[in-house]
Amino acid sequence: MATSGAKQGTKIVSKTSAGGAGATAASGGAPIIPLASPLMGKKKKPFLGMPAPLGYVPGLGRGATGFTTRSDIGPARDANDPVDDRHAPPGKRTVGDQMKKNQEEDEEDLNDTNYDEFNGYAGSLFSSGPYEKDDEEADAIYAALDKRMDERRKERRELREKEEIEKYRMERPKIQQQFSDLKRKLAEVSEEEWLSIPEVGDARNKRQRNPRHEKLTPVPDSFFSKHLQSGENHSSVDPLQGVSKYLGGLNTPYPGSMTPGLMTPGTGELDMRKIGQARNTLMDMRLSQVSDSVSGQTVVDPKGYLTDLNSMIPTYGGDISDIKKARLLLKSVRETNPHHPPAWIASARLEEVTGKLQVARNLIMKGTEMCPKSEDVWLEAARLQPGDTAKAVVAQAVRHMPQSVRVYIRAAELETDIRAKKRVLRKALENVSKSVRLWKAAVELEEPEDARIMLSRAVECCPTSVELWLALARLETYENARRVLNKARENIPTDRHIWITAAKLEEANGNTQMVEKIIDRAITSLRANGVEINRDQWIQDAEECDKAGSVATCQAVIRAVIGIGIEEEDRKHTWMEDADSCVAHGALECARAIYAHALQVFPSKKSVWLRAAYFEKNHGTRSSLEALLQRAVAHCPKAEVLWLMGAKSKWLAGDVPAARSILALAFQANPNSEEIWLAAVKLESENNEYERARRLLAKARSSAPTARVFMKSVKLEWVLGNIEAAQDLCTEALKHYEDFPKLWMMRGQIEEQCENMDKAREAYNQGLKKCPHSVALWFLLSRLEERVGQLTRARAILEKSRLKNPQCADLWLESVRLEYRAGLKNIANTLMAKALQECPNSGILWAEAVFLEARPQRKTKSVDALKKCEHDPHVLLAVAKLFWSERKITKSREWFLRTVKIEPDLGDAWALFYKFELQHGTQEQQEEVRKRCENAEPRHGELWCAESKHVLNWQKKTGEILEQVASKIKNTF
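Just so it is clear, the model here is predicted, and its values are computed rather than measured.

### Topic: the overall build of the protein
For the protein, the helix and strand inventory stands at 52 helices and two strands. Of the roughly 63700 Å² of accessible surface on the protein, 53% is carried by carbon and sulfur atoms.

Now the structure itself:
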């Protein structure tokens, strides 16, 4: 015993030292004093075996805290492991469920949706805190209060709840209450009756109770081939056929059972091909029986039978559920308010859309019964019904609504015979004599004489209808028409159309002097009757008069209203806009009247005279233009352009002396005018009067020595072949005007013509020193060097020109073409990329870039060009050429037309367009392009200027230059 006690004491000591107060508490009694042990020292520690002080944590003094070992928390467990408590409720039977529950308890739901304005949050805000004694006391007090409050009206509340439950059970009894009377009767059931009640079992058959997958075994091909050879044709395998050889007498027929011969092999009663043929024969017989032999028309067409079936399929492609909802909704509307016409119309149209035409007809006819005074319902019914039925419906509608104009019009439309239409409309006019619509419909069906009689009656019934009065006036004679219009003015004093018609009537009968008076009286009378004069409406009426051929009336209206409602400072601007608007609408006489009135008000305005002159030039005759220009130079003698237009008009007409006299008068009005001097020189030189042209130029150089006069002098001598005189004049001119680049160009070109390349180079270099920004001079010098084979020098010249003139697209283009002509396409592409970076919005560069690309990439490049330069004529021309190269003739023509419309001064576009029409157009199209080019008189363009400014072509007309440029164009693109 002593030994065992020692051992036990040792164990207790070791536990106490390891666990402290926990070991003591575990023993449940007084602490056990350990016995002496040889391992212990001589001096015993006083705290051994004593309970641990309050708040003692082992290892805290030496810092052995802050970590947790596996022995402290137990073994690791999976979330799906069951908990220790085997009787745990559902939802807490696994470790994961408990962890989730603990997280939910820790995390409170403080969302706004869980907050009530009076009660606060659904849970307790302090549920996560410690539950102490004061919390317990507070809960007890609150529980006592709730119990006390609950007892105050407990009896009354319980009584009310009991009554409510009884009432609810009476309305909605339980199932056991419903069968309570039957349960009572069960007491009367005897034992024999009870035992005779069958047991509840599964009433299904065996196959349904034990479903098995059906096994299908395909019949081999050898089976069919065998029976086909033996002459048997079976569509299925007979289950008795295989066992018949084992069961004797099975095939023997007996009364009331198998038909004799049913199982006899080789007879072929089950031949499916013969059955199919018999079915087709039967179908043909039925179709032939359906044919109507009496009327000669087949009711059912055998060939179109399926087509007719397809036509019966409703065409509505919407959702069926939507149709059902709409049908239900409209039914509810009809039942709620049966006298509401739109409900019936909508219901009928819904059925019509879904293909149920007869249902729609039935619905709308019911609607006519419920809404007999509704025009819309009757008209919808007439629309849905077939021909004769529709007439009956309309007749019924007339009986209900004898004053309805729309019903009468519909009745007339349903009639196919003219006489029947007249009869219906006349009957309608008896009932509704004041309807303008009925009168107009009736008059349209009559002959002129009968129409006149009807209109005379119509204006009596409808005296306020302007249309009827004017129609009657058109059918009457001149005298009667005047009387009709006078009566119309008395009945309708506020309508302007009557006055304008009266003016047109007088003009048509030759009384043009009365037109002005009538229009003036119209303005006065309408103002007296309180009518506001709307200027735009009157101008529209004038345009209509112009288109109708009433020129005097049109001009009178314009003169009367053109100044109404316009501020004095805005008159000129507004009138010019009005004239342009009239020209755009095709009312040329209106525009002419506006210009005439504007020239009366502004006789000294040069811009108005110019606009009027250009109008006459484009839309008038030569005589009207010359008459206008004579008046113009009389009022504006200092306007040189008006003199020159007059002289040119006479010259183009072939009247050279008249042109000279006009220029002579221009000299008197404008002495020493450069434009008039040069115009006189051109007139003489074009008519081969070279000596007179020389004298005029000499006089001009002495009285008005300008750079252009010197240039024209040099040009005249040059084109006439007097090279020395031209050089002398050029030298003299450069002494006075050394900064005029065209003189340097002419000097260099004359030297080039004489094969003096060094002198030409010197002239160009001297010119570039004086005029470094002249692009044409740089071009000439570069091309001179290229022509003599100095490609490197030409390239250097162009690089220098680009430094002097940055962002100049023409110089970049010349550099690219220089490399391309030299065969260096890679360098040309590189230069083009740099050029587009420096000049991204240059049309000529983008146009050239399109054709530098390979054919597959040109279309993409053209799209990029159009994005950058949408309205540039060079880009549009490049697109036209691209379509031309792809043989898209129509598109190419459209783009050519667009190009010449945007820039009619670009000669290259006209030349390419003419070349295109020569290859792909008709004779009329070629002549039209040529005529339009001659009217436009283009002056610019690289190809155009190369021909038009050549010394050999100085006397050629625009049409000749067009042909010459077109002949030199090659389809290399």
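Back to the text.
### Here's the deal with the confidence of the model for the protein
Averaged over the protein, the pLDDT score is 78; the fraction of residues at 70 or greater is 78%. In the predicted structure, residues 1-41 sits below a pLDDT of 50 and forms 13 contacts with residues beyond four places in sequence or in another chain. A low-confidence stretch, residues 232-269 stays under pLDDT 50, and its non-local contacts, those more than four residues away or across chains, total 24 contacts.

### Re the packing of helix α37 (residues 707-719) against helix α39 (residues 741-753)
Between two packed helices, what matters for the description is the angle formed by their axes and the separation of those axes. Packing of α37 against α39 brings their axes to within 10 Å, and their N-to-C directions diverge by 15 degrees. Classified by the angle between their axes, α37 and α39 sit roughly parallel to one another. Between α37 and α39 the crossing geometry is left-handed. Between α37 and α39, the residues in contact are Met-711, Val-714, Lys-715 and Trp-718 and Lys-742, Leu-743, Met-746, Gln-749, Ile-750 and Gln-753, respectively. Its residues assigned to classes, the contact of α37 with α39 shows six nonpolar, two polar and two charged.

### Details of the pattern of salt bridges
Pairing is possible between side chains of opposite charge, provided their charged atoms come close. Summed over the entire model, instances satisfying the criterion amount to 39 salt bridges. The salt bridge partner of Arg-592 is Glu-616, with a shortest N-O separation of 2.9 Å. With Arg-592 in helix α30 (residues 588-601) and Glu-616 in helix α31 (residues 606-619), this pair connects stretches of sequence that are 24 residues apart. Taking the relative accessible area as the measure of exposure, Glu-616 reaches 8% and is therefore buried. One salt bridge connects Lys-861 with Glu-853, and the closest N-O pair in it is separated by 3.8 Å. Here the residues in one salt-bridge network are Arg-783, Glu-786, Glu-814, Arg-817, Arg-821, Glu-848 and Glu-942, joined through shared partners.

### Here we look at the environment of Trp-884
Residue placement: Trp-884 occurs in helix α47 (residues 873-885). Assessed through its relative accessible area of 2%, Trp-884 is described here as buried. Separated by 32 residues in the primary sequence, Trp-884 and Phe-916 have C-alpha atoms spaced 7.9 Å apart.

### Some details on a positive patch on the surface
Taken together, the side chains of Lys-682, Lys-712, Lys-715, Lys-742, Arg-939 and Lys-949 present a region of like positive charge at the surface. Residue position: Lys-712 is located in helix α37.

### A short note on the packing of aromatic side chains
Considering all chains together, one arrives at nine aromatic pairs under this definition. Considering the side-chain rings of Tyr-690 and Trp-954, the 6.0 Å spacing of their centres and the 45 degrees angle between planes classify their relative orientation as tilted. Separated by 264 residues along the polypeptide, Tyr-690 in helix α36 (residues 690-703) and Trp-954 in the loop between α51 (942-948) and α52 (958-968) bring together distant segments of the chain. Both rings, one in Phe-896 and one in Phe-913, keep their centres 5.3 Å apart while their planes meet at 10 degrees; by these two values the pair is stacked. Residue Phe-896 is located in helix α48 (residues 889-902), and its partner Phe-913 is located in helix α49 (residues 907-920); the two are separated by 17 residues in the primary sequence. One exposure class covers both Phe-896 and Phe-913, and it is buried. In textbook terms, an aromatic cluster arises when at least three aromatic residues are bridged by ring pairs, as seen for Trp-884, Phe-896, Phe-913 and Phe-916. Stacked on the ring of Trp-344, the Lys or Arg Arg-334 has its end atom at 5.5 Å from the ring centre. One cation-aromatic arrangement involves Lys-881 over Phe-851; the distance from NZ or CZ to the ring centre is 4.9 Å.

What counts and what doesn't
In this numbering scheme, every chain counts its residues from 1 along its sequence in written order. Given that this is a predicted model, residues contribute local features only at a pLDDT of at least 70 and side-chain atom pairs are listed and counted only at 80 or more, while totals for whole chains, interfaces and linings are drawn from all residues. Side-chain metrics in this entry use all non-hydrogen atoms of the structure; hydrogen atoms and water are not considered. Note on conventions: DSSP H or I runs of at least 4 residues are helices, E runs of at least 2 residues are strands, and numbering of each starts at the N terminus. To measure how exposed things are, a 1.4 Å probe is used in the Shrake-Rupley method; for residues, cover is taken only from the protein chains shown. Across the chain, each position has a pLDDT score giving the predictor's confidence in that residue, from 0 to 100. The contact rule is simple, with two residues in contact once any of their heavy atoms fall within 4.5 Å. Helix axes use the C-alpha atoms of the stretch in contact, all axes being lines fitted to C-alpha atoms, and the angles between their N-to-C directions lie in the range 0 to 180 degrees. Working rule for angles: under 35 degrees goes down as roughly parallel, over 145 as roughly antiparallel, 65 to 115 as roughly perpendicular, anything else as oblique. A crossing counts as left-handed when the near helix is turned anticlockwise from the far one by less than a right angle, and as right-handed when that turn is clockwise. By the convention adopted, Pro, Cys, Tyr, Trp, Phe, Met, Ile, Leu, Val and Ala count as nonpolar, Lys, Arg, Asp and Glu as charged, and the other residues, Gly among them, as polar. Here a salt bridge means any side-chain nitrogen of Lys or Arg lying within 4 Å of a carboxyl oxygen belonging to Asp or Glu. The buried label goes to any residue with under 20% of its type's maximum accessible area, the exposed label to any with over 50%, and the partly exposed label to all in between, with areas taken from a 1.4 Å probe on protein chains only. Every patch collects residues that have over 30% relative accessible area and no salt bridge, joining them within 9 Å if they carry like charges and within 5 Å if they are nonpolar side chains (Val, Leu, Ile, Met, Phe, Trp, Tyr). Within this scheme the basic residues Lys and Arg register as positive and the acidic residues Asp and Glu register as negative, but His and the chain ends are omitted. Each charge is placed at NZ for Lys, CZ for Arg, CG for Asp and CD for Glu. Here is the rule: rings of Phe, Tyr and Trp (six-membered ring for Trp) pair when centre to centre is within 6.5 Å. Planes less than 30 degrees apart are stacked, more than 60 are edge-to-face, and the remainder are tilted. Look at NZ for Lys and CZ for Arg. If either is within 6 Å of the ring centre and within 35 degrees of the ring normal, a charge sits over the ring.

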